[in-house]
Amino acid sequence: MKKWPALSLLIPAGVLFLLSFGAPMVMTGRLSLFDSNYITERFVGVGNFLETFTDTGFMRSIGNTFAYLLLICMPTVVVSYLLAAAIEKVGKGMQSFVRFSTYIPTISAGIIISIVWKWVFSSGGLADWVMGRNMGWLSGPWMARFAISVAVVTTAIGQYTLMFSAGMKSLSSEIRDAARIDGATDGQYGRRIVLPAMLPMIFLVLLLSVLGTMQMWETVYWLTGGGPGGYTATPIYDVYITAFNYSHHGLAAAKSLILIGFIGTFVLLKRRLESWAVS
């Protein structure tokens, strides 16, 4: 009988989960089987899923995600980790100020940040002024991806820096003292003790960065609109365009379910890598 109090406490969270996730998933699954524009519906079965895999725009957005893994996810993890390590070396009074300063872009509205970076990378903008010539930041596939990556990385590092900093703070001071007694330098302590202990946190930050990249849309929307030629679009942006620009809601639902499958794959991969790292 002792389990019933615990179950009663879980009921509100369970109901909220069903309403916010379960019900929309069921509705999305149903919608994915229809050719629908919310006015008329025509049952097509798996036709939307088959069309998704022949949709060059969606497939290109998946490929763009792998490009962003290099341009956004890896720099985000590396810069955040190094910044957190550097924060640990400054005085305690400065640590709070630096953490707050790095976190400010994270709490700012994504659209506002995107508008600012649009001004920076537009023709004749700040970036062109710094370089001394028109670089065409948003006109070429890789240059546009780079511009988007800079905007996203500078916004995201604050959150992940705090996560890494919290993880480093959780390490026992006795471990550092023992390493000092054994004659370990700061570099050796960081490489051989801190880095292995932080591997689970590194994999978590990498996963969150990957998921954030796959769901990124406002930065793409304001900086490039998915162009040039769809080479900066992300899967969620393609879903947005399919649903609200072209009114193909059934196809957008099918793309959403496929995207959830990709995200689930990344989550499982992260857990396998984490288990391997700590074993």
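Cut-offs used in this document
Residues numbered from 1 in each chain as written. Predicted model: local features only at pLDDT ≥ 70, side-chain atom pairs only at ≥ 80, totals over all residues. Heavy atoms only, no water. Helix = DSSP H or I, 4+ residues; strand = E, 2+ residues; numbered from the N terminus. Buried < 20%, exposed > 50% of the residue type's maximum accessible area, 1.4 Å probe, protein only. Contact = heavy atoms within 4.5 Å. Areas by Shrake-Rupley, 256 points an atom, 1.4 Å probe, with all protein chains shown as cover. Lys, Arg positive; Asp, Glu negative; His and termini not counted. Charge placed at Lys NZ, Arg CZ, Asp CG, Glu CD. Core = buried A, V, L, I, M, F, W, Y, C linked by side-chain atoms within 4.5 Å. Phe/Tyr/Trp six-rings, centres within 6.5 Å; stacked < 30°, edge-to-face > 60°. Patch = residues over 30% accessible without salt bridge, like charges linked within 9 Å, V, L, I, M, F, W, Y side chains within 5 Å. Salt bridge = Lys/Arg side-chain N within 4 Å of Asp/Glu carboxyl O. Axes fitted to C-alpha atoms, helices over the stretch in contact; angles between N-to-C directions. Parallel < 35°, antiparallel > 145°, perpendicular 65-115°, else oblique. Left-handed = near helix turned anticlockwise from the far one by under 90°.

Bringing the overall build of the chain into the picture now. Along the backbone of the chain there are 13 helices and 2 strands. The C-alpha extent of the chain, read off along each of the three principal axes, is 75 × 75 × 30 Å. Looking at the chain as a whole, 36% of its 279 residues are labelled buried. Residue pairs at least 24 apart in sequence account for 66% of intrachain contacts in the chain once pairs closer than 6 positions are excluded. If you sum the accessible surface of the chain, you get close to 16000 Å²; carbon and sulfur atoms cover 70% of it. Averaging the coordinates of the 20 positive side-chain charges in the chain and doing the same for the 13 negative ones gives two points 5 Å apart.

Only a minority of non-glycine residues have a phi that is not negative, and only a minority of peptide bonds are not trans. Backbone torsion omega between Gly-227 and Pro-228 reads -5 degrees, so that peptide bond is classified as cis. Here Ser-247, not a glycine, exhibits a phi torsion of approximately 60 degrees, which is positive. With respect to the helices, strands and loops of the structure, Ser-247 is situated in the loop between α12 (235-245) and α13 (249-278). You can call Ser-247 partly exposed: its relative accessible area is 33%.

Let us look at the nonpolar core. Ile-72, Trp-117, Phe-121, Ile-148 and Met-216 are the most contacted members of the largest nonpolar core, which has 20 residues in total. Mapped onto this core, the elements with two or more residues apiece are α3 (56-87), α5 (110-121), α7 (141-169), α11 (218-223) and α12. Top element by residues in this core is α7. It accounts for 6 residues. The contact partners of Ile-148, leaving out residues within four places of it in the chain, are Tyr-68, Met-216, Thr-219, Val-220, Leu-223, Thr-224 and Thr-232. Judged by nonpolar contacts, the second largest core, of 15 residues, contains Val-77, Ala-156, Val-194 and Ile-202.

Going through the model one piece at a time under the given rule, you end up with 12 aromatic pairs. Between Tyr-81 and Phe-164, the aromatic rings sit 5.4 Å apart at their centres with planes inclined by 80 degrees, giving edge-to-face as the arrangement. Linking Tyr-81 in helix α3 with Phe-164 in helix α7, this pair joins segments that are 83 residues apart in sequence. With respect to class, Tyr-81 is no different from Phe-164; both count as buried.

Let us look at a nonpolar patch on the surface. A cluster of nonpolar residues, Ile-111, Ile-112, Ile-115, Val-116, Trp-217, Tyr-221 and Trp-222, forms a patch on the protein surface that exposes about 610 Å² of accessible area. Every element with two or more residues in the nonpolar patch is listed here: α5 and α11. In terms of residue count, α5 provides more of the nonpolar patch than any other element does, 4 residues in total. Tracing the backbone through its elements, the reader meets Trp-222 in helix α11.

As a packed pair, α3 and helix α10 (residues 199-214) sit with axes 9 Å apart at the nearest point and diverge in direction by 140 degrees. As judged from the angle between their axes, α3 and α10 are oblique. Once α3 is placed against α10, the crossing between them reads as right-handed. Every residue of α10 that contacts α3 at Thr-65, Tyr-68, Leu-69, Ile-72, Cys-73, Met-74, Thr-76, Val-77 and Tyr-81 is listed here: Ile-202, Val-205, Leu-206, Ser-209, Val-210, Thr-213 and Met-214.

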